[in-house]
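Descriptive analysis of the structure
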Amino acid sequence: MKKIIDLITEEAAKAFKECGHEEKYGMISVSNRPDLCEYQCNGAMAAAKAYKKAPIMIANEVVEKLKEHKMFEMVEAVMPGFINMKLDMEFLKEYMNEMLASENYGCEKAEQAKTIMIDYGGPNVAKPLHVGHLRSAIIGESIKRMGRFMGHKVIGDVHLGDWGLQMGLIITELKKRQPDLVYFDESFQGEYPKDAPFTISELEEIYPAASAYSKEHPEYKEEAMQATYLLQHGSRGYQALWNHILEISVNDLKKNYEKLNVEFDLWKKESDAQPYIPEMVQYMKDNGYAYLSDGALVVDVKEESDTKEIPPCMILKSDGASLYNTTDLATIVERMKLFDPDEIIYVVDKRQELYFEQVFRCARKTKLVKENTGLRFLGFGTMNGKDGKPFKTRAGGVMRLEHLIGEINEEMYQKITQNHEVEPEEAKNTAQIVGLSAIKYGDLSNQASKDYVFDIDRFTSFEGNTGPYILYTIVRIKSILNKYMEQGGKVENIKAVKFDSSNESVKSLLLETARFNGVIENAFAEIAPHKVCCYIYNLANTFNHFYHETKILGEEEEETKESYIALLVLTEKVLECCIDVLGFEAAERM
Ligand code: ARG
């Protein structure tokens, strides 16, 4: 379905043309004076300059043409040359019925489906998932869902960090604690045990311990580096250990992501890109892209237009070791080879922005990607506590994701059981659903690149710009629809027949639901989930206003009542689509 704003623009463009002006002046925008009109056109002002004519004269001529069209209830020219418009209720009603009957409620699939890869999540093996990874998972998941909703082929890749010193540290620490393990016996030729010699909790304790110890003890760090080297160069025992670490970590990560309603298509790891490195390095050398600088292999990526210094992209260190860069570039090679994406979007902490700038430039310059392959960085800000510092536990430690989720769910549980009699089981279940909406909406409603304050009290509130408020609104609509059905009404294939054209709250709701297709399209184009949040907050407010103003089930005229129900059905569907795209769902009751 065409967007309403495009339908109006078409008419306005036609009118300008009929008056002898260029069509481009028919640009329409949503009114910034909702008290005066719903949409507006400022084109007469620009046209006036071009045609050396008074803007109001042009506006008046155009208005005369537009008046003929039945989509408008009102079109008027106002000084100095604005064109203000209000849409006709009948037109909006038809638009609404068309939305109800269309597959995605009026949101058309992209004309050209693209293959888009999203690199998000980015947890590191053996390190506990902490709140820093929360944002990447939440934002990335939403972008993936939006892309799919728009009809693209979207592949989400968790891009697990499994290749760094952390592996060597864990191995070294294990060796210190359990030197007799068979993995450390170099002469061992047999098969290694199937089960890991540690649990996930042990693993999560081992890494921080080893990391802290290595900072104080250089010889220990040296050993860890050596272990990393051996692991990466074929030590059987270390590789067996590494496989255990991976398996245990991945199982645990999957459980955590499941709780967040986050699902990856690919569980690729940094190590998967390693086999692509030698050939890539050779290619960069052969084609004169890479050169030696102080023993290290680098590619220059600075450009003339740079206002700040962009250092060369280092491909190999002077000792021949590869780096985070190298892995990311090799991953690009791998992705191009296996999936040939039109675009790769990276959802990563914004502190890595400069780093990705280098990587992208290097990939372009060395032609690892096609000329038209998009490489996009979506950097997110820090999640802070109320004190404005990065979010911590009460004791001041790094907050683990599962504890955070636990805390929110507990808070939700209290709220849900406070005022109602609910079975504990049901309350627990609802608390989880609503809790997730609190976390995700709290995050997504902020522009990704901004830091934000994670405020449990505010996020879990049923009032204001929060996830629970949105869910509450959906539940309210559902309960009215349920009552309607209990009274014998039907909601399938429902259509609006009649609205009172003077009913402002109906009209606002019609206008708001009709914006759906435009909002999703734009939010995806700008990879900006916060725009969807902003939209559903307005939509929920508009609905609640309508709800307070209107007797819905009590409406006596059958045709009007049915039309209200149709409007409720559409509002509910649109809200549900939006929260699905944001990555959470509504409860049945609250
Ligand atoms: N594991 C990294 C970290 O924790 C994030 C990975 C981001 N993705 C990438 N392709 N580099 O910082």
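Right, let's walk through the structure included here. Treat the numbers as computed from the prediction; the structure is a model and nothing was measured.

Taken as a whole, helix α18 (residues 516-525) has its buried residues at F516, N517, V519, I520, A523 and F524. Down the axis of α18, the buried side of the element spans an arc of 165 degrees, and every buried residue falls inside it. Those residues of α18 hidden inside the fold are in contact with α4 (89-101), β5 (115-119), α5 (131-149), α17 (504-514), α19 (529-549) and α20 (558-582). Immediately beyond the C-terminal end of α18, within one or two residues, lies I527, with a positive phi of roughly 35 degrees.

Scanning all chains against the criterion turns up 3 cavities of 30 Å³ or more. The calculated volume of the largest cavity comes to roughly 50 Å³. Taken together, the elements giving at least two residues each to the lining of the largest cavity come down to α7 (200-216) and α9 (236-259). Of the residues that constitute the lining of the largest cavity, the class distribution is 5 nonpolar, 3 polar and 3 charged.

Quick look at the side chain of K144 now. Residue position: K144 is located in helix α5. A distance of 2.5 Å separates a polar atom in the side chain of K144 from the backbone oxygen of E263. Once residues within four sequence positions are removed from consideration, K144 is found in contact with I118, Y120, V154, G156, E263 and D265.

A sheet is described by the order of its strands in space; here 4 strands give the open sequence β1-β2-β4-β3, paired in antiparallel fashion. Two strands in the sheet have a free side with no partner beyond their single neighbour: β1 (28-30) and β3 (72-78). Neighbour-to-neighbour, the strand axes of the sheet open up by a mean angle of 25 degrees, direction not taken into account. Of the pairings in the sheet, the one linking β1 to strand β2 (residues 39-41) comprises 3 bridges and is antiparallel in character. Pairing of I28 across the sheet is with C41, part of β2. Along the sheet face, helix α1 (residues 4-18) touches β1, β2, β3 and β4 (82-87) and points at about 145 degrees away from the line of β1.

In this structure, the amide linkage connecting M79 to the following residue, P80, adopts the cis form with an omega of -5 degrees. For P80, the position within the fold is in the loop between β3 and β4. Positive phi is not limited to glycine here, since K52 has a value of about 50 degrees. As for its placement among the helices and strands, K52 is situated in the loop between α2 (43-51) and α3 (55-66).

Time to look at the pattern of salt bridges. With the rule as written, the count across this model stands at 41 salt bridges. Residues E64 and K67 are paired through a salt bridge, measuring 3.6 Å at the closest nitrogen-oxygen approach. Classification of E64 as partly exposed rests on a relative accessible area of 48%. The shortest N-O distance in the salt bridge between K386 and D455 comes to 3.7 Å. Taken together, the residues K386 in the loop between β12 (383-384) and α13 (401-419) and D455 in the loop between β13 (452-453) and α15 (456-459) connect sequence positions 69 residues apart. D455 sits in the buried class, given a relative accessible area of 16%. Because the salt bridges share partners, they merge into one network encompassing E141, K144, R145 and D580.

Scoring rules and cut-offs
- Residues numbered from 1 in each chain as written.
- Predicted model: local features only at pLDDT ≥ 70, side-chain atom pairs only at ≥ 80, totals over all residues.
- Heavy atoms only, no water.
- Buried < 20%, exposed > 50% of the residue type's maximum accessible area, 1.4 Å probe, protein only.
- Helix = DSSP H or I, 4+ residues; strand = E, 2+ residues; numbered from the N terminus.
- Arc of directions from axis to C-beta.
- Contact = heavy atoms within 4.5 Å.
- 1 Å grid on protein atoms, 1.4 Å probe; cavity = no way out; pocket = protein on both sides within 12 Å on 5 of 7 lines; lining within 4 Å.
- Points joined across faces, edges and corners; volume = space filled by probe spheres on them.
- Nonpolar A, V, L, I, M, F, W, Y, C, P; charged D, E, K, R; others polar.
- Polar contact = N/O pair within 3.5 Å; in protein donor to acceptor, adjacent residues only side chain to side chain.
- Pairing = 2+ DSSP bridges.
- Axes fitted to C-alpha atoms, helices over the stretch in contact; angles between N-to-C directions.
- Salt bridge = Lys/Arg side-chain N within 4 Å of Asp/Glu carboxyl O.

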